[in-house]
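An overview of the molecular structure
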Amino acid sequence: MENLEPKDSLAIISAIISERQQKYEQNGLVFIFWGILIAVSGIVNFITKSPLVWGVLMPLSSVITSVYFYIKGRNNVKKRKSKDWVSFIWLVAGICAMLTGFSVFYHLIITIVFLPFVFASLAVSLQLKNRLWLITSLISLVLSYLPLYVEIGWYSTLVSSLIGILLFLIPGCQFYFNHKRQKDV
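Residues numbered from 1 in each chain as written. Predicted model: local features only at pLDDT ≥ 70, side-chain atom pairs only at ≥ 80, totals over all residues. Heavy atoms only, no water.

In this structure, K49 takes a positive phi of about 60 degrees despite not being glycine. Look at K49 and you get partly exposed, because its relative accessible area is 39%. In the Ramachandran plot, K129 falls in the positive-phi region, its phi being about 60 degrees despite a non-glycine side chain. Judged by relative accessible area, which is 63%, K129 ranks as exposed. (Buried < 20%, exposed > 50% of the residue type's maximum accessible area, 1.4 Å probe, protein only.)

Another point: the packing of aromatic side chains. Two measures describe an aromatic ring pair: the distance that separates the ring centres and the angle between the ring planes. A full pass over the atoms with the stated rule returns 8 aromatic pairs. Taken together, the aromatic side chains of F31, F117, W133, F168 and F175 make up a single cluster linked through ring pairs. When the ring centre of F46 is taken as reference, the NZ or CZ atom of K49 above it lies at 4.3 Å. (Phe/Tyr/Trp six-rings, centres within 6.5 Å; stacked < 30°, edge-to-face > 60°. Lys NZ or Arg CZ within 6 Å of the ring centre and 35° of its normal.)

This part covers a nonpolar patch on the surface. Residues F119, Y145, L148, Y149 and V150 make up a contiguous nonpolar surface patch of roughly 520 Å² in combined accessible area. Per-element tally for the nonpolar patch: the top contributor is helix α6 (residues 131-149), with 3 residues. Residue classification places Y149 among the exposed positions, given a relative accessible area of 69%. (Patch = residues over 30% accessible without salt bridge, like charges linked within 9 Å, V, L, I, M, F, W, Y side chains within 5 Å. Areas by Shrake-Rupley, 256 points an atom, 1.4 Å probe, with all protein chains shown as cover. Salt bridge = Lys/Arg side-chain N within 4 Å of Asp/Glu carboxyl O. Helix = DSSP H or I, 4+ residues; strand = E, 2+ residues; numbered from the N terminus.)

Two elements in contact, helix α2 (residues 28-48) and helix α7 (residues 156-184), have axes whose closest approach is 7 Å; the angle formed by their N-to-C orientations is 160 degrees. With respect to each other, α2 and α7 are oriented roughly antiparallel. Note on packing geometry: the crossing formed by α2 with α7 is left-handed. In terms of residue class, the contact of α2 with α7 is built from 17 nonpolar, 9 polar and no charged. (Axes fitted to C-alpha atoms, helices over the stretch in contact; angles between N-to-C directions. Parallel < 35°, antiparallel > 145°, perpendicular 65-115°, else oblique. Left-handed = near helix turned anticlockwise from the far one by under 90°. Nonpolar A, V, L, I, M, F, W, Y, C, P; charged D, E, K, R; others polar.)

To characterise two packed helices, one gives the angle between the axes of the helices and the distance between these axes. At a closest axis distance of 9 Å, the pairing of helix α5 (residues 109-128) and α6 adopts a crossing angle of 160 degrees. Judged by the angle between their axes, α5 and α6 are roughly antiparallel. Taken as a pair, α5 and α6 cross one another with a handedness that is left-handed. Residues I110, T111, F114, L115, V118, F119, S121, L122, V124, S125, L126 and L128 of α5 form the contact with α6, whose own contacting residues are W133, L134, S137, L138, S140, L141, L143, S144, Y145, P147 and L148. Taken together, the residues of the contact of α5 with α6 sort by class into 17 nonpolar, 6 polar and no charged. (Contact = heavy atoms within 4.5 Å.)

This brings us to the nonpolar core. Grouped together as the largest cluster of nonpolar side chains are 32 residues, with contacts concentrated most on W90 and F168. Mapped onto this core, the elements with two or more residues apiece are α2, α3 (52-78), α4 (87-100), α5, α6 and α7. Broken down by element, the residue count for this core peaks at 11 residues, all from α5. (Core = buried A, V, L, I, M, F, W, Y, C linked by side-chain atoms within 4.5 Å.)

Here is the structure:
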């Protein structure tokens with residue numbers, strides 16, 4: 001194994017971070033999709049007082065997202081691009097959310113469903129050194145724990161909407177606009 005100079009090591013680390021950030025910027029639309037979906041679902045659930053919207057839209061959207069990434073993954077294999085193992089974190093977070101989404105502990109549903117996504121967001125935002133996403137993830141962490149300490153009743157669906165906006169929509173817009181700006185340059 002050869003010894004690298006410190007500046008060479010930093011260049012390699014910077015290249016890896018840049019490559020990872022570019023991947024998330026290209027997937028900004030997926031984050032925007034989920035941010036809007038969660039926000040709208042929470043608002044509709046608040047208005048109708050029926051959790052049916054979550055039970056229908058979340059599994060359906062999970063299938064759509066899975067098919068999208070499956071097709072994209074097959075294209076990457078054909079182009080001989082490496083697999084991104086960090087996306088496994090998002091897959092596990094999604095599975096955890098789906099498994100616990102139908103929990104009988106309705107007053108804990110925000111905490112149970114969103115914590116896996118909060119930790120995935122924290123991990124990736126730290127890896128990408130993305131301050132905005134880190135801040136929105138930390139705010140979402142506080143909001144996720146809110147129902148454990150404060151009785152919020154039906155407002156929990158609006159808190160879910162806010163968490164969806166913070167975890168997915170805001171970073172998704174940031175990624176999308178960064179990607180558009182880089183393509184236009």
